[in-house]
Amino acid sequence: MDWGLTKSTEFNEISDVLISLKEQLLREKTSLTMICINDGWKNRNQYNKIFPDAEIKLDLFHACSVF
């Protein structure tokens, strides 16, 4: 798990944190299997560029509020 403070919800503000997380997982010889996001499918492709094998899902709160 990793985290970082941001000024907005723009993906480019968290991409460094995600890349750092990926590097950490590679060192530990493990992988991320699922990512739950709250911004719909807006940034799905960008997450997949960093974590190509992870499933991208809408988080539970936002998935329920769509219906």
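For every chain, the first residue of its written sequence is number 1, and the numbers climb from 1 along that sequence. Given that the model is predicted, a residue must reach a pLDDT of at least 70 before its local features are reported, and side-chain atom pairs must reach 80 or more before they are shown or counted; all residues, however, enter totals for whole chains, interfaces and linings. As a convention, hydrogens and water are excluded, and side-chain values are obtained from all of the structure's heavy atoms.

### Some details on the pattern of salt bridges
Where charged atoms from two side chains of opposite charge approach closely, those side chains can pair.
Logical step 1: For salt bridges, the criterion is a side-chain nitrogen of Lys or Arg within 4 Å of an Asp or Glu carboxyl oxygen. Overall, the coordinates contain 1 salt bridge when judged by the stated rule.
Logical step 2: Among the ionic pairs, Lys57 bridges to Glu55, the shortest N-O distance being 3.2 Å.

### Focus: the nonpolar core
Logical step 1: Counting 11 residues, the largest nonpolar core is built from Phe11, Leu18, Leu21, Leu25, Ile35, Ile37, Tyr47, Ile50, Phe51, Ala54 and Ile56.
Logical step 2: The numbering of helices and of strands both runs from the N terminus, where a helix is a DSSP run of H or I of at least 4 residues and a strand a run of E of at least 2. Looking at this core, the elements with two or more residues in it are α1 (15-27), β1 (34-37) and α2 (44-50).
Logical step 3: Ranked by residue count, the leading element in this core is α1, at 3 residues.
Logical step 4: Excluding residues that lie within four positions of it along the chain, Leu21 makes contacts with Met1, Asp2 and Phe51. Nine residue types can take part in a nonpolar core, namely buried Ala, Val, Leu, Ile, Met, Phe, Trp, Tyr and Cys, and a core is a set of them joined through side-chain atoms within 4.5 Å. Here the term buried applies to any residue with accessible area under 20% of the maximum for its type, exposed to any over 50%, and partly exposed to those in between, with areas from a 1.4 Å probe on protein chains only. Note on contacts: a residue pair qualifies if any of its non-hydrogen atoms lie within 4.5 Å across the two residues.

### Concerning the environment of Thr9
Logical step 1: Mapped onto the elements, Thr9 comes out in the segment before α1.
Logical step 2: On the basis of relative accessibility, which here comes to 69%, the residue Thr9 falls in the exposed class.

### Quick notes on the pairing of β1
Logical step 1: Alternating positions in β1 separate cleanly, Ile35 and Ile37 being buried on one face and Met34 and Cys36 remaining unburied on the opposite face.
Logical step 2: For two strands to be treated as a pair, DSSP must find at least two bridges joining them. Here β1 pairs with strand β2 (residues 55-58) via 4 bridges, running parallel. If you follow Met34 over to β2, its bridge partner there is Glu55.

### Observations concerning the environment of Phe11
Logical step 1: By secondary structure assignment, the location of Phe11 is in the segment before α1.
Logical step 2: Residue classification places Phe11 among the buried positions, given a relative accessible area of 9%.
Logical step 3: Separated by 35 residues in the primary sequence, Phe11 and Gln46 place their C-alpha atoms 7.9 Å from one another.
Logical step 4: Among all residues touching Phe11, those that are not within four sequence positions of it are Leu18, Asn43, Gln46, Tyr47 and Ile50.

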